[in-house]
Amino acid sequence: MSAAAEAVVKGYVDDLTLALAQLEAGAMADVLEALVLALSEGRRVLVAGNGGSSTAAIHIASDLMAASTAFDGAPQAVALTENIARITAIANDYSYDEIFSRQLPGWARPGDVLLLLSVSARSANLVRAATVGRDLGMTVLAALGDPGELASLADRYVIFGQADYGLTEDLHVALGHMAVRVLSGGDACRYRAAVDG
């Protein structure tokens, strides 16, 4: 590895370590508790984000579904980014700003959760989704790199990663993994082979 690449690796690890150290545990716990409560009550959790956060939304929804199978009432976690045909149809026929908000009336019920992932917290499609979600009686949660407009629209939110897209997106995935730990009673989720040796 070149000295320049090694310096970048060390710098990134230092930045991520600092971002984790600065993480507001109380705010993160508030978001996680709302997610777990919704799933335990059989409510839906809908997740949305743009760019790298769109794939984090899919990752989180998948993990939440897998980890919540013990609950009665068939809990559902759905990423609003997982159907590219639906997204492009809405963008083409209406506006990219409506790719999430137009999906909500078909999925959401009062008391369901909308989890929004954003670095800037200013994306028009997420701001629109938060507004529509609130109008539909959803609990709006946000994991943000910067307060932007979304913090004021969210019922609960956490800010992390100092608005650095890489750090914030890393912590989006970490939020999902923390939720899985809460759902599993706080235990680490290790593969058997890793435990057995």
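Residues numbered from 1 in each chain as written. Predicted model: local features only at pLDDT ≥ 70, side-chain atom pairs only at ≥ 80, totals over all residues. Heavy atoms only, no water.

A.B. asks: So what exactly am I meant to see when it comes to the overall build of the chain here?
C.D. replies: Each helix and strand in the chain was counted, giving 9 helices and 5 strands. Secondary structure elements of the chain occur, N-terminal to C-terminal, as α-α-β-α-β-α-α-β-α-β-α-β-α-α. By the compact-globule yardstick of 16 Å for 197 residues, the chain fits well, its C-alpha radius of gyration being 17 Å. Its C-alpha atoms give the chain principal-axis dimensions of roughly 50 × 40 × 30 Å. Looking at the chain as a whole, 42% of its 197 residues qualify as buried. (Helix = DSSP H or I, 4+ residues; strand = E, 2+ residues; numbered from the N terminus. Rg over C-alpha atoms; globule rule 2.2 N^0.38 Å. Buried < 20%, exposed > 50% of the residue type's maximum accessible area, 1.4 Å probe, protein only.)

A.B. asks: Would you explain the packing of helix H2 (residues 25–40) against helix H8 (residues 165–183) in this entry?
C.D. replies: For any two helices packed against each other, one specifies the crossing angle of their axes together with the interaxial distance. Between H2 and H8, the least distance of the axes is 10 Å, while the angle of their chain directions is 55°. Here H8 runs oblique to H2, going by the angle between their axes. Viewed along their axes, H2 and H8 form a crossing whose handedness is right-handed. Contact residues: Met28, Val31, Leu32, Leu35, Val36 and Leu39 in H2; Leu175, Met178, Ala179, Val182 and Leu183 in H8. (Axes fitted to C-alpha atoms, helices over the stretch in contact; angles between N-to-C directions. Parallel < 35°, antiparallel > 145°, perpendicular 65-115°, else oblique. Left-handed = near helix turned anticlockwise from the far one by under 90°. Contact = heavy atoms within 4.5 Å.)

A.B. asks: Hey, could you run me through the sheet that holds strand E1 (residues 44–49) in this one?
C.D. replies: Working definition: the strands of a sheet are paired by backbone hydrogen bonds and lie parallel or antiparallel to each other. One open sheet accounts for 5 strands, arranged E2-E1-E3-E4-E5; its pairing is parallel. Every other strand in the sheet has two partners, leaving strand E2 (76–79) and strand E5 (156–159) as the edge strands with one partner each. The sheet shows a mean angle of 15° between the axes of neighbouring strands, direction not considered. One ladder, built from 4 bridges, connects strand E4 (residues 139–144) with E5; its direction is parallel. Residue pairing for E5: Leu141 is matched across the bridge by Arg156. Packed on one face of the sheet, helix H6 (residues 124–135) meets E1, strand E3 (113–118) and E4 and runs near 165° to E3. (Pairing = 2+ DSSP bridges.)

A.B. asks: In this structure, what is going on with the side chain of Asn125? I would like to understand it.
C.D. replies: As for its placement among the helices and strands, Asn125 is situated in helix H6. Polar side-chain contacts of Asn125 include one of 2.9 Å to the side chain of Asn50. What Asn125 contacts, discounting residues up to four positions off in sequence, is Asn50, Tyr96, Asp97, Ile99 and Phe100. (Polar contact = N/O pair within 3.5 Å; in protein donor to acceptor, adjacent residues only side chain to side chain.)

A.B. asks: Mind showing me how you'd approach the packing of aromatic side chains here?
C.D. replies: Aromatic ring pairs are defined here through the distance separating the ring centres and the angle between the ring planes. Counted by the stated rule, this structure contains 0 aromatic pairs. The ring centre of Tyr94 lies 3.5 Å from the NZ or CZ of Arg102, which sits over that ring. (Phe/Tyr/Trp six-rings, centres within 6.5 Å; stacked < 30°, edge-to-face > 60°. Lys NZ or Arg CZ within 6 Å of the ring centre and 35° of its normal.)

A.B. asks: Any chance you could explain a negative patch on the surface here in plain terms?
C.D. replies: Taken together, the side chains of Asp14, Asp15, Asp164 and Asp170 make up a negatively charged region of the molecular surface. Looking at the secondary structure, you find Asp14 in helix H1 (residues 3–21). (Patch = residues over 30% accessible without salt bridge, like charges linked within 9 Å, V, L, I, M, F, W, Y side chains within 5 Å. Areas by Shrake-Rupley, 256 points an atom, 1.4 Å probe, with all protein chains shown as cover. Salt bridge = Lys/Arg side-chain N within 4 Å of Asp/Glu carboxyl O. Lys, Arg positive; Asp, Glu negative; His and termini not counted. Charge placed at Lys NZ, Arg CZ, Asp CG, Glu CD.)

A.B. asks: When you look at the pairing of E4 in this model, what are you seeing that I'm missing?
C.D. replies: Two faces belong to every sheet, and in a regular strand the side chains alternate between them. Of all 6 residues in E4, 5 are buried; the element is thus mostly enclosed. In this sheet, E4 lies alongside E3 in parallel orientation, the contact comprising 6 bridges. By the bridge assignment, Val113 is partnered in E4 with Thr139. Taking the sense of rotation as the criterion, the β-α-β connection linking E3, H6 and E4 turns out right-handed. (Right-handed = clockwise from strand over helix to strand, strands pointing away.)

A.B. asks: Explain the pattern of salt bridges here, please?
C.D. replies: A pair can form between side chains of opposite charge whenever their charged atoms are brought close. All chains considered together, the criterion is met by 6 salt bridges. Residues Glu41 and Arg43 are paired through a salt bridge, measuring 3.2 Å at the closest nitrogen-oxygen approach. Taking the relative accessible area as the measure of exposure, Glu41 reaches 47% and is therefore partly exposed. Residue classification places Arg43 among the partly exposed residues on the basis of a relative accessible area of 29%. One salt bridge in this structure joins Asp146 and Arg122, with 2.7 Å as the shortest N-O distance. Here Arg122 lies in the loop between E3 and H6 and Asp146 lies in the loop between E4 and helix H7 (150–153), a separation of 24 residues in the sequence. Looking at Asp146, the relative accessible area reads 23%, which means it is partly exposed.

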